[in-house]
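# Survey of secondary and tertiary structure
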Amino acid sequence: MPAMPRRVLRASLLVLFLQQAAFLACRQPSRLSRRSVRKAGDLEIPVAKAELLKAIDAFKQELNRSDLSIDFGVKGGELDKKDRAPTNLVASGAFRRASEALAERAEEVLKKVELLSGAPQQEFLKEFGTERAATDCLLHGPWRLLFTTAADATFTRNSTRGTAKVSNVVDAVAGTVTNCVDFDSGAAECLRVRLTAEAESMSRLSLMFRYVKIRLTKFFGISLGSRRLTLTLPVPGPFLTRIITFFTRKEPPKPYFDILYLDDELRVHKTGQGNVFVQEKMSTPPPYV
């Protein structure tokens with residue numbers, strides 16, 4: 001057999017190489033796609049999110065069946081007796097005292113939160129406090145509360161303060177956070193708590209209380225009809241805080257929260273007092289922010 005010309009040999013080897021590369025490429029995509037999906041523990045994130053939301057639905061159903069009652073102040077169970085911080089309803093045993101089933105549902109939610117918080121960390125607070133935050137910071141915008149262990153954000157039909165819708169509006173450009181409570185009935189129509197915020201890291205947001213606004217439908221028990229009265233209550237500033245610290249010799253804790261998970265639909269964070277919040281993005285913010 002005559003020898004194969006070198007030019008033909010090189011062409012044949014090139015064709016063989018390309019065929020092999022194409023064959024390997026056809027086998028790789030599924031493996032690569034599996035690697036590219038972010039995980040929350042042993043679960044893919046969409047699955048972990050779905051399980052968390054399912055657990056929250058079960059908790060809400062049990063909460064509606066329970067006789068849990070949270071009212072204002074230490075006496076009502078809203079604030080901790082020692083440090084006046086919002087009571088953790090899981091750690092304090094309040095959920096369990098109301099119902100064993102309610103406590104179990106709450107603990108199941110926290111287990112799902114732990115799984116989701118195991119997802120790879122991201123730059124959650126990227127561009128916070130800048131003009132680009134409106135488009136580049138996922139935290140920017142209004143958020144509706146789905147679940148919390150914090151007593152001050154829990155409103156039940158068995159309490160004198162009644163039920164309410166709780167939300168939170170983050171202006172990542174201005175660096176402000178507004179906690180919103182819209183009561184379903186009663187003398188107070190809504191409550192707005194304004195805070196300023198600063199990113200300490202890509203996952204921690206430090207907070208400073210500025211003022212509280214209360215919008216009333218009644219004043220000293222007298223109905224205002226279609227009119228509303230808004231009271232603005234300033235929160236003690238840094239100077240007064242320093243005076244209190246001087247006399248008590250105790251530095252007050254600086255409020256903050258750590259973001260455990262965040263995307264354009266769901267947000268999970270934990271406060272410095274250990275309370276967990278799960279929130280979903282709203283299409284429009286509540287009024288009077």
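Structure shown above.
The notes below deal with the structure included here.

Conventions and cut-offs
Residues numbered from 1 in each chain as written. Predicted model: local features only at pLDDT ≥ 70, side-chain atom pairs only at ≥ 80, totals over all residues. Heavy atoms only, no water. Helix = DSSP H or I, 4+ residues; strand = E, 2+ residues; numbered from the N terminus. Buried < 20%, exposed > 50% of the residue type's maximum accessible area, 1.4 Å probe, protein only. Contact = heavy atoms within 4.5 Å. Areas by Shrake-Rupley, 256 points an atom, 1.4 Å probe, with all protein chains shown as cover. Salt bridge = Lys/Arg side-chain N within 4 Å of Asp/Glu carboxyl O. Core = buried A, V, L, I, M, F, W, Y, C linked by side-chain atoms within 4.5 Å. Expected span 1.5 Å × (residues − 1). Arc of directions from axis to C-beta. Lys, Arg positive; Asp, Glu negative; His and termini not counted. Polar contact = N/O pair within 3.5 Å; in protein donor to acceptor, adjacent residues only side chain to side chain. Phe/Tyr/Trp six-rings, centres within 6.5 Å; stacked < 30°, edge-to-face > 60°. Lys NZ or Arg CZ within 6 Å of the ring centre and 35° of its normal.

## A few points about the overall build of the chain
- Helix and strand content of the chain: seven helices and 13 strands.
- Relative to its 289 residues, the chain shows a buried fraction of 35%.
- Summarising the internal contacts of the chain: among those between residues at least 6 apart in sequence, 56% fall at separations of at least 24.
- Within the structure as shown, the chain displays about 17700 Å² of accessible surface, and the carbon and sulfur contribution to it stands at 57%.

## With respect to the pattern of salt bridges
- The full count for this structure, using the stated rule, is 16 salt bridges.
- With a shortest N-O distance of 3.0 Å, glutamate 189 and arginine 228 are connected by a salt bridge. Placement of the pair is glutamate 189 in strand β6 (residues 188–199) and arginine 228 in the loop between β9 (222–223) and β10 (229–234), with a sequence separation of 39 residues.
- When salt bridges with common partners are traced through the structure, they connect Lys49, Asp263 and Glu265 into a single cluster.

## So, the nonpolar core
- Leu52, Phe59, Phe95, Val109, Leu116, Val268 and Val278 are the most contacted members of the largest nonpolar core, which has 28 residues in total.
- When contributions to this core are tallied by element, the ones reaching two or more residues are α3 (45–65), α4 (94–98), α5 (100–116), β3 (141–148), β12 (266–271) and β13 (276–281).
- Counting residues per element, this core draws most heavily on α3, which supplies seven residues.
- Sequence-distant contacts of phenylalanine 95, defined by excluding residues within four places in its chain, comprise Phe59, Leu68, Leu89, Val90, Leu102, Ala103, Ala106 and Thr148.
- Residues Phe124, Ala197, Leu207 and Ile259 belong to the second largest nonpolar core, which totals 19 residues.

## Overview of α3
- Here α3 is 21 residues long and its end C-alpha atoms lie 31 Å apart, about the 30 Å a rise of 1.5 Å per residue gives.
- Turning to α3, its buried residues are Ile45, Ala48, Lys49, Leu52, Ala55, Ile56, Phe59, Glu62 and Leu63. Buried residues in α3, looked at end-on, bunch into an arc of 145°, giving them a common side. With respect to the buried face of α3, the exposed residues turned more than 90 degrees away are Pro46, Lys54, Asn64 and Arg65.

## Let's talk about the side chain of aspartate 71
- As for its placement among the helices and strands, aspartate 71 is situated in the loop between α3 and α4.
- Of the side chains with opposite charge, arginine 161 comes closest to the buried, unpaired aspartate 71, at an N-O distance of 5.1 Å.
- At 2.7 Å, the side chain of aspartate 71 forms a polar contact with the side chain of threonine 160.
- Among the polar contacts listed, one links the side chain of aspartate 71 to the backbone nitrogen of arginine 161, at a separation of 3.3 Å.

## So, the environment of threonine 149
- Take threonine 149: it is sitting in the loop between β3 and β4 (164–171).
- Its relative accessible area of 2% is what places threonine 149 among the buried residues.
- Each C-alpha atom, one on threonine 149 and one on leucine 110, is 9.3 Å from the other, the two residues being 39 residues apart in sequence.
- Beyond its immediate chain neighbours, meaning those up to four positions away, threonine 149 contacts Thr87, Asn88, Leu89, Val90, Leu110, Gly274, Asn275 and Val276.
- Side chain to side chain, threonine 149 and asparagine 275 meet in a polar contact 2.8 Å long.

## Some points on the packing of aromatic side chains
- Under the definition given, this model contains four aromatic pairs.
- Relative to phenylalanine 95, the ring of phenylalanine 59 lies with its centre 5.4 Å away and its plane at 70°, an arrangement referred to as edge-to-face. Here phenylalanine 59, found in helix α3, pairs with phenylalanine 95, found in helix α4; they are 36 residues apart in sequence, far enough to count as distant. Comparing phenylalanine 59 with phenylalanine 95, the two get one shared label, buried.
- Pairing phenylalanine 219 with phenylalanine 220 gives two aromatic rings, centres 4.6 Å apart and planes at 75°, and the pair type is edge-to-face.
- Looking at phenylalanine 219, the relative accessible area reads 34%, which means it is partly exposed.
- Taking the relative accessible area as the measure of exposure, phenylalanine 220 reaches 75% and is therefore exposed.
- Pairwise contacts between aromatic rings join Phe59, Phe95 and Phe147 into one cluster.
- In this structure, arginine 161 is placed above the aromatic ring of phenylalanine 72, and the distance from its NZ or CZ to the ring centre is 5.1 Å.
- Of note, arginine 204 hangs over the ring of tyrosine 256, and the distance from its end group to the ring centre comes to 4.0 Å.

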